[in-house]
Amino acid sequence: QVEIVESGGGLVQPGGSLRLSCAASGTIFTIDTMGWYRQAPGKQRELVATITSGGTINYVDSVKGRFTISRDNAKNTVYLQMNSLKPEDTAVYYCYCNARRFLTTSFTSSWGQGTQVTVSS
């Protein structure tokens, strides 16, 4: 089983910054993609940013130039540095991991429980 632990959410004023962290643990052989999704009240969950083991990065247009995703493959950890935060960034942020466990041949997706990010004055 793959466990996902997120940290770093909170309340911040518009224009401020937050850094989210997410660590995957368990019987992991290798991880392909890690990333972040978010869900605001009354809206569908949307992709924020993803990063592959090879370093290929994808951002939703609304965060380009403000958010930076990075990854430590040795620690199975992904980070999301969020700068110039806006009220519309308010949401629950979920960490995502696509991993292959030992003694298996396929990749499966795992999700964290989510961390609240609130941008408000």
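Structure first, text after, so check above.
As the structure is a computational prediction, the values presented were derived from the model and not from experiment.

## Section: the sheet that holds strand β1 (residues 2-7)
Step number 1: The four strands lie next to each other as β1-β3-β8-β7, forming an open sheet whose pairing is antiparallel. The open sheet has two free edges, formed respectively by β1 and β7 (67-72), since each of these has just one partner strand. Adjacent strand axes in the sheet meet at a mean angle of 15 degrees when their direction is disregarded.
Step number 2: Bridging between β1 and strand β3 (residues 18-26) involves six bridges; their strand directions are antiparallel. When the bridges of β3 are listed, S7 appears paired with S21.

## What to know about the pattern of salt bridges
Step number 1: Applying the stated rule across the entire model yields four salt bridges.
Step number 2: One salt bridge in this structure joins D89 and R38, with 3.0 Å as the shortest N-O distance. Taken together, the positions of D89 in the loop between β8 (77-82) and β9 (91-101) and R38 in strand β4 (residues 28-39) put the pair 51 residues apart, joining distant regions of the chain.
Step number 3: Judged by relative accessible area, R38 falls into the buried class, the value being 6%.
Step number 4: Ionic pairing is found between K64 and D61, a salt bridge with its closest N-O pair at 2.9 Å.
Step number 5: Overall, K64 belongs to the partly exposed group, its relative accessible area being 49%.
Step number 6: Classification of D61 by relative accessible area gives exposed; the value is 60%.

Here is what the cut-offs are and how they apply
- Residues numbered from 1 in each chain as written.
- Predicted model: local features only at pLDDT ≥ 70, side-chain atom pairs only at ≥ 80, totals over all residues.
- Heavy atoms only, no water.
- Pairing = 2+ DSSP bridges.
- Helix = DSSP H or I, 4+ residues; strand = E, 2+ residues; numbered from the N terminus.
- Axes fitted to C-alpha atoms, helices over the stretch in contact; angles between N-to-C directions.
- Salt bridge = Lys/Arg side-chain N within 4 Å of Asp/Glu carboxyl O.
- Buried < 20%, exposed > 50% of the residue type's maximum accessible area, 1.4 Å probe, protein only.

By themselves these figures say nothing about function.
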